[in-house]
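So you can see what is in the structure, the chains are spelled out below.
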Amino acid sequence: MRRQSEGSANSERALSDEAIDWIVKLQSGHATADDARAFRDWRGRSLAHEAAAQKAEAIWYGVGVAGEPAQQAERRKRVTRRAVLGGGAALVAGAAVMSSGVFRSFLADYATGSGEQRTITLADGSTVQLNASSAFSVELKPERRTITLHEGQATFAVAADAERPFIVRAAGGEARVLGTQFDVDIRDGKVFVTVIEGRVAVADTRQGQAELGANEQAIYGAAAPLSTLAVNAEQVTAWRRGRLVFENRRLDSVIAEIARQGSGTVLILNPEIAALETPSPEPCR
C-alpha cells in the first residue's frame, strides 16, 4: 500500500513538474502558437493533467498577481516545482483570478506585461504589434484567420489572402479584412478600431455595421451603439513609436493608459477632474 502511495505521489510530482515547465515556457516571451496548442493538448490527456495545469496556473498568479508589475515579474521568476506541489494556500488566490481578465490573458497565445511591447509574426505572414498589458489568441484555418483580442491594444498588418478573411474579435464585435493595416484598442468599456491603410468592415453585437477607410475609427461597446469618427491614425498608434498622444480623451482614461505603460500609480481624488475631456471630433460624413 505504501508503494502505491509513493508511486501516486511520484506521478503527481512528475505532472506538476511538467505543468510548471509549460507555464514558464508559455510566459517566457518566446512561446509560439504551436506551443500554446501543445499545452492545451497536454492538459487534455487526463483529469490528472488538467488538475496539474490548474494548480500550476493558480500558483503562478497566486504569487504574481498582487503588487507592482516589477514585483510581479520578480515573483514569477521565483515559482518552483516545490511551490506547485505545496501551494494549497495560493490556490485560493489563484481561484480568485480565474474568471478575471488576468486569467483569460494567461490562457491567450500571446501576452505582454506592463510597459512591455512585442511584435509577433503569424504563420500566414501577418504581423501583430502588441501594446503593453495586452493579450490575444490566434486560430488560423484554411477558410479564415481569427484573432481574439482579450484585452489591451494591438496593431495588425494583414497579409493579403483573398481566400481567407482576417477577423479580429474583441468584446462582442469584430473587424474583418482581406489585407490591410489597422489598430484595435479595448479601453474604457469600449472597443476602438482605427484604420491605418486599406478598408475594414466592423460589426458589433447590436448588429451595427460600418466600413472604414484610412484615418477613420469605429467605436462600439455594451453601453453604446457603433459610431464612426475621423481621426489621425498616426496619432492613435503613436505608442508603436514610443510615444503617447492624447486627443479627445478623459483624464482618467489618460491616466489608465500611462499606468499601462509603466509601474507607477497616479490617483485622481476629485471625480470632476477625472471627467475632464476636450470636445469630440466631428463624425464622419
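Quantities reported herein were computed from a predicted structural model and do not represent experimental measurements.

### Some remarks on the environment of Val-191
Move 1: Residue placement: Val-191 occurs in strand E10 (residues 190-197).
Move 2: Once residues within four sequence positions are removed from consideration, Val-191 is found in contact with Ala-170, Ala-171, Val-184, Asp-185, Ile-186, Ala-218, Ile-219 and Tyr-220.

### Details of unusual backbone geometry
Move 1: Backbone geometry places Ser-133, a non-glycine residue, at a positive phi of 50 degrees.
Move 2: Structurally, Ser-133 can be placed in the loop between strand E3 (127-130) and strand E4 (135-140).
Move 3: Its identity as a non-glycine residue notwithstanding, Ala-171 has a phi of 50 degrees, on the positive side.
Move 4: Among the structural elements, Ala-171 can be located in the loop between strand E7 (166-170) and strand E8 (173-177).
Move 5: Residue Ala-171 is classed as exposed on the basis of its relative accessible area of 59%.

### Focus: the nonpolar core
Move 1: Residues Phe-136, Phe-156, Phe-182, Val-184, Val-193 and Val-202 are the most contacted members of the largest nonpolar core, which totals 31 residues.
Move 2: Core analysis: the next-biggest nonpolar cluster, separate from the first, contains 13 residues, Ala-31, Ala-36, Ala-52 and Ala-53 among them.

### A few points about the packing of aromatic side chains
Move 1: Considering all chains together, one arrives at five aromatic pairs under this definition.
Move 2: For the ring pair Trp-22 and Phe-39, a centre distance of 5.6 Å and an interplane angle of 40 degrees mean the geometry is tilted. Note that Trp-22 is positioned in helix H1 (residues 2-26) and Phe-39 in helix H2 (residues 33-43), a separation of 17 residues in sequence. Of the two residues examined, Trp-22 and Phe-39, each falls in the buried class.
Move 3: Between Tyr-110 and Phe-136, the ring centres sit 5.1 Å apart and the planes meet at 25 degrees, which makes this aromatic pair stacked. Taken together, the residues Tyr-110 in strand E1 (residues 110-111) and Phe-136 in strand E4 connect sequence positions 26 residues apart. Residues Tyr-110 and Phe-136 agree in their burial class; the two are buried.
Move 4: Through a chain of ring-to-ring contacts, the aromatic side chains of Trp-22, Phe-39 and Trp-42 assemble into a single cluster.
Move 5: The ring of Phe-192 is capped by Arg-187, whose NZ or CZ atom sits 3.8 Å from the centre of that ring.

### A word on the sheet that holds E7
Move 1: Taken in spatial order, the seven strands line up as E1-E4-E5-E7-E8-E11-E12 in an open sheet, and their pairing is mixed. Bordering the open sheet on either side are E1 and strand E12 (209-212), each of which pairs with just one other strand.

### So, the sheet that holds strand E9 (residues 181-187)
Move 1: With respect to topology, seven strands assemble into an open sheet ordered E2-E3-E6-E9-E10-E13-E14, the strand pairing being antiparallel. In this open sheet, the two strands that pair with only one neighbour each are strand E2 (118-121) and strand E14 (224-230). Pairs of neighbouring strands in the sheet enclose a mean axial angle of 15 degrees, with direction left out of account.
Move 2: Judged from the seven bridges that link them, E9 and E10 form a sheet pairing that is antiparallel. Within E10, the residue paired with Asp-185 across the bridge is Phe-192.

### A short note on the pattern of salt bridges
Move 1: Across all of its chains, the model carries 12 salt bridges by this definition.
Move 2: A salt bridge links Arg-169 to Glu-174; its shortest N-O distance comes to 3.6 Å.
Move 3: Residue Arg-169 is classed as partly exposed on the basis of its relative accessible area, which comes to 36%.
Move 4: Connected via shared salt-bridge partners are Arg-169, Glu-174 and Arg-176.

### Considerations on the environment of Gly-115
Move 1: Along the chain, Gly-115 turns up in the loop between E1 and E2.
Move 2: Under the relative-accessibility criterion, Gly-115 is labelled partly exposed at 44%.
Move 3: Through-space distance from the C-alpha of Gly-115 to that of Ala-132 is 5.2 Å; in sequence the pair is 17 residues apart.

Cut-offs and rules
- Residues numbered from 1 in each chain as written.
- Predicted model: local features only at pLDDT ≥ 70, side-chain atom pairs only at ≥ 80, totals over all residues.
- Heavy atoms only, no water.
- Helix = DSSP H or I, 4+ residues; strand = E, 2+ residues; numbered from the N terminus.
- Contact = heavy atoms within 4.5 Å.
- Buried < 20%, exposed > 50% of the residue type's maximum accessible area, 1.4 Å probe, protein only.
- Core = buried A, V, L, I, M, F, W, Y, C linked by side-chain atoms within 4.5 Å.
- Phe/Tyr/Trp six-rings, centres within 6.5 Å; stacked < 30°, edge-to-face > 60°.
- Lys NZ or Arg CZ within 6 Å of the ring centre and 35° of its normal.
- Pairing = 2+ DSSP bridges.
- Axes fitted to C-alpha atoms, helices over the stretch in contact; angles between N-to-C directions.
- Salt bridge = Lys/Arg side-chain N within 4 Å of Asp/Glu carboxyl O.

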